[in-house]
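# Descriptive analysis of the structure
Chain by chain, the residues:
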Amino acid sequence: MKTTKNKISDNPTEGIKISGAEAVIRCLLAEGVDLIYGYPGGAIMPIYDELYKFQDELQHVLTRHEQGATHAAQGFARTSGKVGVAMATSGPGATNLVTGIADAQIDSTPMVCITGQVASHLLGSDAFQETDIIGISTPVTKWNCQITKASEIPSVMAKAFYIARSGRPGPVLIDITKDAQFDTFYFSYEKCTGIRSYKPVPEIEPTSIIEAAEAINNAKKPFIIWGQGVILGNAEQEFKDFVEKSGIPAAWTILGLSALPTAHPLNVGMVGMHGNYGPNMLTNECDLLIAIGMRFDDRVTGDLNTYAKQAKVIHFEIDSAELNKNVEADIPVMGSCKDSLAAILSLIKNKNHEKWINRFDEYMKIEVEKVIDKDLNPTKEGLTMGEAIMAINKYTKGDAVIVTDVGQHQMVTCRYAEFVRSKSNVTSGGLGTMGFALPAAIGAKMGAPDREVVAVIGDGGYQMTIQELGTIFQTQTAVKIVVLNNDFLGMVRQWQQLFFEKRYASTEMVNPDFVAIAKGYYLDAKKVDKREDLDAAVAEMIASDKPYFLEICVEKEANVFPMIPTGASVSEIRLT
């Protein structure tokens, strides 16, 4: 039976003496949190006890593993735009969060993780389930803090949420000793609006805007590469206005995907290792490279010694640490890209770079002939991953959230998925975390309950967090799960084929009956291994209003092209 004690909306408890555990819950409610993911245990039990009393206001989702809690919180944050919250106990509970925290750090996902800790007098004594989670998590958090006194909870929690969501977002970890959870104090809460010496959004320098506008207006072959900063900065409209007025062809990193509709005439595709032929080749032909909310990751640049050396570089960036880290910026434009793009719009001229855009079209024709036709209109008997993604496009009409894991299926999905609105592509970018997609899809659906959410996963990564089917069953979260099964760790196998003389060391998978497992969790499930059955199976899955599992058996040894070999120049992109 649900009970509610002292609803925060009815009683702010200003000046009332409460426990540290209750204070944690009241801080979460004060920050507008209504959903958290976690797994209970001894050192965090006092907080869970208080959570039970507030369950009418604060929903807790019991994942089947703490890593699943962090990925679910990430998925929630990515589709809702809010801070995701995950909770775990001390020791192994806390350490199981670390992969998801590291993933959130490199992909700039706002998340607050709360861990229980042994009592303060036991710290450093190797007590049962004690780990130094502060030391462990320091390299992979935006900020972390250990609380040993109940009275510290409100100020630390307020600071945590401010840091997680401000500027370039990221994960924060708060570790709370068990005695701090039990101790009482007079509670009051004030949201954090600023921290001395921490300036999350740098001021825009007008001279940089003027300089950038002049370079844009004078460029003959300008090229835009945008990243997730456009989405995190809620700058989609400003970005679209900028692209359309400047007339500049624009390509995306995988985390930037969906900020601009894929069908937009100036959207020329994806850059990077498995990106499109034209955007990669023409990076080394443009005379002006405009980077917006992206960090020049090595998977985008390839060999830095040969990357865009002929071009002047404008870098719109909120984090000064990213400036000149990999690629030297001739014109750095610091600040929120929402504000920067709005400021520059009136200074740039209406342009039409028709001849330059035709160069992208020429390369696309080559890519269609050599790669895309083979992926989407195969003559072989076996199903391709591309066919599966096109079937999903057909029945979602580009309006679904698509969550991917890591590997061949991820690259194929990013290449062929169609999107009509932002916050639609949820994937593990910088860390490349296998096992991300299934729990992230749970959070993505809860963050956008009105949208169709389809998780596209490889057979390898799926089995890393397959236990989260239990979370889907318990919560009845209506995610659609598609496993593209090639009985291999596909991306590793591709590298072994191309660079290790087909020595398939430990990459072939002997898989279980995935449909039987899904049905064991009482999910509707189906398997497809023939082309003539694919369309109807995808249609049935998308039409369902319940969780659904679909296994699609694809070619075992198909490769993903184009491909830039590691360390090669973007101009050395391979089509076969």
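Along each chain, numbering runs from 1 in the same order as the chain's sequence is written. Where local features are concerned, this predicted model is filtered to residues with pLDDT of at least 70; where side-chain atom pairs are given and counted, the filter is 80 or more; whole-chain, interface and lining totals use all residues. Excluded from the side-chain calculation are hydrogens and water; included are all heavy atoms of the structure.

## Describing the overall build of the protein
For the purposes of this entry, the term helix denotes a DSSP run of H or I that reaches at least four residues, the term strand denotes a run of E that reaches at least two, and both are numbered from the N terminus. The number of helices and strands found in the protein is 23 helices and 20 strands. In this description the radius of gyration comes from C-alpha coordinates, and the expected globular size is given by 2.2 Å times residues to the power 0.38. Computed over C-alpha atoms, the radius of gyration of the protein comes to 24 Å, within 12% of the 25 Å expected from 2.2 N^0.38 for 576 residues, which places it in the range of a compact globule. Taking the principal axes of its C-alpha atoms as reference, the protein extends roughly 70 × 60 × 40 Å. Note on contacts: a residue pair qualifies if any of its non-hydrogen atoms lie within 4.5 Å across the two residues. Counting only contacts in the protein whose residues sit at least 6 apart along the sequence, the fraction spanning at least 24 positions is 77%. Here the Shrake-Rupley method, with its probe set to 1.4 Å, supplies the accessible areas, and only the displayed protein chains count as covering residues. Accessible surface for the protein amounts to roughly 22600 Å². Of this, 51% is attributable to carbon and sulfur atoms.

## Concerning the layout of surface pockets
In this analysis the probe radius is 1.4 Å and the grid spacing 1 Å, with only protein atoms considered; a cavity is a set of points the probe fits into but cannot get out of, a pocket is an open set with protein on both sides within 12 Å along at least five of seven lines, and lining residues have an atom within 4 Å of a point. Grid points are joined across faces, edges and corners, and a volume is the space filled by probe spheres set on the points. Reported here for the second largest pocket is a volume of approximately 550 Å³. If you trace the second largest pocket, you find 27 residues lining it, with Lys374, Asp375, Glu555, Ala558 and Asn559 closest to the centre. Broken down by element, the residue count for the lining of the second largest pocket peaks at five residues, all from helix α15 (residues 354–376). Classification used: nonpolar for Ala, Val, Leu, Ile, Met, Phe, Trp, Tyr, Cys and Pro, charged for Asp, Glu, Lys and Arg, polar for all others including Gly. Here the residues of the lining of the second largest pocket sort into 11 nonpolar, eight polar and eight charged.

## A word on the side chain of Glu317
Tracing the backbone through its elements, the reader meets Glu317 in strand β13 (residues 312–317). Although Glu317 is buried, it makes no salt bridge; Arg168 carries the closest opposite charge, 5.2 Å away. Within the structure, Glu317 has its side chain in polar contact with the side chain of His315 (distance 3.2 Å). Under this definition, polar contacts are N or O atom pairs within 3.5 Å; protein pairs additionally need one hydrogen-donor-capable and one acceptor-capable atom, and for neighbouring residues in sequence, both atoms have to be side-chain atoms. Within the structure, the side chain of Glu317 is placed 3.0 Å from the backbone nitrogen of Asp319, a separation counted as a polar contact. For every residue, the accessible area (1.4 Å probe, protein chains only) is compared with the maximum for its type, and the residue is labelled buried under 20%, exposed over 50%, or partly exposed between those bounds. By the counting rule applied here, Lys and Arg register as positive and Asp and Glu as negative, while His and the ends of each chain are not counted. Here, a salt bridge means any side-chain nitrogen of Lys or Arg that lies within 4 Å of a carboxyl oxygen of Asp or Glu.

## So, the side chain of Thr89
Turning to its location among the elements, Thr89 is positioned in the loop between β4 (84–88) and α4 (92–95). The class for Thr89 is buried, based on a relative accessible area of 6%. Here Ala43 takes part through its backbone nitrogen, which lies 3.1 Å from a polar atom of the side chain of Thr89. Apart from the residues lying within four places of it in its own chain, the contact partners of Thr89 are Tyr39, Pro40, Gly41, Gly42, Ala43, Ile44, Ala94, Thr115 and Gly116.

## Section: the environment of Lys178
With respect to the helices and strands, Lys178 occurs in helix α8 (residues 178–182). Taking the relative accessible area as the measure of exposure, Lys178 reaches 29% and is therefore partly exposed. Taking the C-alpha atoms as reference points, Lys178 and Ile147, 31 residues apart in sequence, are found 9.6 Å from one another. What Lys178 contacts, discounting residues up to four positions off in sequence, is Gly42, Ala43, Pro46, Gln117, Val118 and Ala119.

## As for the domain arrangement of the protein
Each assigned domain of the protein is listed with its residue range as follows: domain 1 (8–186), domain 2 (206–359) and domain 3 (381–553). The straight-line distance from the C-alpha centre of domain 2 to that of domain 3 is 31 Å. Listed as interface residues are 18 residues of domain 2 and, on the opposing side, 19 residues of domain 3. At the boundary of domain 2 with domain 3, total buried surface from both sides reaches about 1400 Å², with 59% on carbon and sulfur atoms. The interface formed by domain 2 and domain 3 contains zero salt bridges. Each domain's limits were defined by an automated method or a database of domain assignments. Accessible surface is computed with a 1.4 Å probe, and the buried area is the amount of it that two parts give up when combined, taken over both parts together.

## Thoughts on the nonpolar core
Judged by nonpolar contacts, the single largest core of 96 residues is most densely connected at Phe223, Phe239, Leu289, Ile292 and Ile314. Here this core takes six residues from α15, the largest share from any one element. Shared between two domains, this core holds at least three residues of each, these being domain 2 (206–359) and domain 3 (381–553). For Leu289, the residues in contact, after removing those within four places along its chain, are Phe223, Ile225, Phe296, Tyr307, Ala308, Ala311, Lys312, Val313 and Ile314. Buried Ala, Val, Leu, Ile, Met, Phe, Trp, Tyr and Cys residues that are joined via side-chain atoms within 4.5 Å together make up what is termed a nonpolar core.

## Observations concerning the sheet that holds β13
Strand order in this open sheet of six strands is β11-β10-β9-β12-β13-β14, and the pairing throughout is parallel. Each having just a single partner strand, β11 (267–270) and β14 (331–334) make up the two edges of the open sheet. Averaged over all neighbouring strand pairs, the angle between strand axes comes to 20 degrees, with direction disregarded. Any two strands with at least two DSSP bridges between them are considered paired. Bridge analysis of strand β9 (residues 222–226) against strand β10 (residues 250–252) gives three bridges, and the strand direction is parallel. Structural elements are reduced to axes, namely lines fitted to C-alpha atoms, with helices fitted over the stretch in contact, and the angle between N-to-C directions of any two is expressed from 0 to 180 degrees.

## Observations concerning the packing of aromatic side chains
Only centres within 6.5 Å qualify two rings of Phe, Tyr or Trp (six-membered ring in Trp) as a pair; their planes then separate them into stacked at under 30 degrees, edge-to-face at over 60, and tilted for everything else. Enumeration according to the criterion identifies 14 aromatic pairs in this entry. Plain terms: the ring middles of Phe488 and Tyr504 are 5.5 Å apart, the flat faces sit at 75 degrees to each other, and that makes the pair edge-to-face. One end of the pair, Phe488, is in the loop between β18 (480–485) and α21 (490–499); the other, Tyr504, is in the loop between α21 and α22 (514–520), with 16 residues separating them in the sequence. For Tyr504, a relative accessible area of 23% translates into the label partly exposed. Look at Trp495 and Phe499: their rings are 5.8 Å apart centre to centre, the planes differ by 75 degrees, and that puts the pair in the edge-to-face class. You can see Trp495 and its partner Phe499 sitting in helix α21, four residues apart, about one turn around the helix. For Trp495, a relative accessible area of 22% corresponds to the partly exposed category. Taken together, the ring pairs connect Phe185, Phe187 and Tyr189 into an aromatic cluster. A positively charged side chain is recorded as over a ring if its NZ (Lys) or CZ (Arg) lies within 6 Å of the ring centre. The angle to the ring normal must also be within 35 degrees. Residue placement shows Arg493 over the ring face of Phe488; its charged tip is 5.8 Å from the ring centre.

## Re the packing of helix α1 (residues 20–30) against helix α2 (residues 45–53)
Close contact between α1 and α2 brings their axes to 8 Å; oriented N to C, the two are set at 55 degrees. Put simply, α1 runs oblique to α2. Considering the relative orientation of α1 and α2, their crossing is right-handed. In contact with Ala21, Glu22, Val24 and Ile25 of α1, α2 contributes Pro46, Ile47, Glu50 and Leu51. When its residues are assigned to classes, the contact of α1 with α2 shows six nonpolar, no polar and two charged. For classification, angles of less than 35 degrees are called roughly parallel, those exceeding 145 degrees roughly antiparallel, those between 65 and 115 degrees roughly perpendicular, and all remaining angles oblique. A crossing counts as left-handed when the near helix is turned anticlockwise from the far one by less than a right angle, and as right-handed when that turn is clockwise.

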